[in-house]
Each structure stands twice: as structure tokens, then as C-alpha cells.
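Secondary and tertiary structure notes
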Amino acid sequence: MPAPDTLYLKIDQNVVVQDYQVHLQDIASMECTNEAVLRQLKQKKIYTFQAKDTPKQKKKRMQVFSVLKIIQSIHEDYPELNVENLGESDFIIECNADVVENKMLDIIKTAVLCVVIFFGAAFTIMTFNNDVAVSDVFQQLYSQIIGKQSDGVTEIEICYAIGMPVGIIIFYNHIGKKKITQDPTPIEVEMRKYEQDVDTAFIENASREGSSVEVS
């Protein structure tokens, strides 16, 4: 008697779909030596999001799933199929099929955010310099090296003013849309950590509230 086929299944923690009808191929990467089984499973419907009643509801919809529910759904069609899960045990499906994007509003938000960050960073730098008395240190250093009193604007202040933004650019590894190197920027790393924390919290809350899709 031949051994049953094995399906290798991998689903990320957060999956975004663009349609109300969610099929297995939309959320999972799959591999199986039986091409017929693989082809059929890719078209298998997993979940259906309800269409929004009013155009004012523009937020994405989310649903937490257990991978056991996916395996149970697969076994409904192929009970003898071995399923090896290589991905997450619980995951989120986001549907943005009818999410309306307002580009002008996004531009305004970005502009306001840039202004707030610019003046906030400038205020932080000024208060730091004032707390540690950077100007006094520069004046003392200038008088010791040059041998005369500083007038407040010397080579040290100029180099400091140039070196700070250059150092910030090198540290954040980012100039506009271009990167200095291929390494992820510190902001990208922190954003990925934040996204993972949000997804984990959303999954845990759904599990406690009993709103996740589990096996029956």
C-alpha cells in the first residue's frame, strides 16, 4: 500500500487579501508531490468576508485563524493527506477589498508628521546641548587649542553642525527613498518589531474573546 502524500503548508503571521473570497492559495505557500491535490487545494475556499454596508466604513477587516482549522478543512477533502505545518500556529487575515485610500489626506498627514518630527527633534537637540553645556565646552576647547576666546561661531561649531546631520543620515541608513547600504534601517527594524507585537496582541485578544476561527 503506497504511503499517503504529504502537503507542506506555510502561512505567515499576517496575511493581506484583496478579495472577499479567501482561497487557500491567497494565504499559504504549499508544496506537495501530488500535483492534482495541490492544484485542487489552491482553489479551496477558506473564508468569506462580508461586504461593508456603508461606504463610510473604510477600515480593514481582520480575522484570526488557527492553522488547525485550515488542516481540518483540508482533511475534509483529503482525509488521508499528511499536512506538515511550517508556518504560524495562529495567524491574521486582513481584507482590504473595499478600503478607500485618500491620497490627499495621506499627504497632509505626512506633512504634519514631518513638521512635528522636525521641530520636536530640533527642540530635543537644543535642550540636550543646553543641559550638557555644549557651548561652554566648545568655548573652553577652542581657547585651549587656539589660544584665544571664541566668538561663538568657530570651526568647532561649524563641524558640529555639519557632523550631526551627517551622522544621523549614516545611522538611519536612509536618504529619501534610497538606502546607503542594503541593511534594514533602524526604523524598519523597530517597525517590524512593532507589527509583530501588534499581531501577537491581536491574536491573543481574539483567543481570549473567543472570536478566532478554531476547529470545531
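Residues numbered from 1 in each chain as written. Predicted model: local features only at pLDDT ≥ 70, side-chain atom pairs only at ≥ 80, totals over all residues. Heavy atoms only, no water.

Now for the side chain of Arg-61. Mapping Arg-61 onto the fold places it in strand S6 (residues 61-66). For Arg-61, the side chain forms a polar contact with the main-chain oxygen of Gln-50, separated by 2.3 Å. (Helix = DSSP H or I, 4+ residues; strand = E, 2+ residues; numbered from the N terminus. Polar contact = N/O pair within 3.5 Å; in protein donor to acceptor, adjacent residues only side chain to side chain.)

In the structure shown here, the tally under the stated rule is six aromatic pairs. Seen in terms of ring centroids, Phe-65 and Phe-91 are 5.8 Å apart; in terms of plane orientation they differ by 15 degrees. Their pairing is stacked. Taken together, the positions of Phe-65 in strand S6 and Phe-91 in strand S8 (residues 90-95) put the pair 26 residues apart, joining distant regions of the chain. Aromatic side chains Phe-138 and Tyr-160 sit 5.2 Å apart centroid to centroid with 70 degrees between the ring planes, which places their arrangement in the edge-to-face category. With Phe-138 in helix H5 (residues 134-146) and Tyr-160 in helix H6 (residues 155-172), this residue pair connects regions lying 22 residues apart in the sequence. Overall, Phe-138 belongs to the buried group, its relative accessible area being 14%. Judged by its relative accessible area of 29%, Tyr-160 is partly exposed. Connected via pairs of aromatic rings, a cluster forms that spans Tyr-47, Phe-49, Phe-65 and Phe-91. (Phe/Tyr/Trp six-rings, centres within 6.5 Å; stacked < 30°, edge-to-face > 60°. Buried < 20%, exposed > 50% of the residue type's maximum accessible area, 1.4 Å probe, protein only.)

This part takes up the confidence of the model for the chain. Should the pLDDT be low somewhere, the predicted coordinates at that spot are not to be read in detail. Averaged over all residues, the pLDDT of the chain equals 87, while 94% of them reach at least 70. pLDDT under 50 marks residues 54-58. Its contacts with residues more than four places away, or in other chains, come to four contacts. (pLDDT = per-residue confidence, 0-100. Contact = heavy atoms within 4.5 Å.)

Glancing now at the sheet that holds strand S7 (residues 82-85). Across the sheet, which stays open at both edges, the three strands sit in the order S4-S1-S7 with mixed pairing between neighbours. Two strands lie at the open edges of the sheet, namely strand S4 (29-32) and S7, each paired on one side alone. Strand-to-strand twist of the sheet, defined as the mean angle between neighbouring strand axes without regard to direction, takes the value 20 degrees. Relative to S4, strand S1 (residues 6-10) runs antiparallel, the two being bridged by four bridges. What sits directly across from Lys-10, in S4, is Ser-29. The strands touched by helix H2 (residues 35-42) are S1 and S4; relative to S4, the strand with the most contacts, the crossing angle is about 160 degrees. Contacting S1 and S7, helix H3 (residues 67-77) runs over the sheet at an angle of about 160 degrees to S7. (Pairing = 2+ DSSP bridges. Axes fitted to C-alpha atoms, helices over the stretch in contact; angles between N-to-C directions.)

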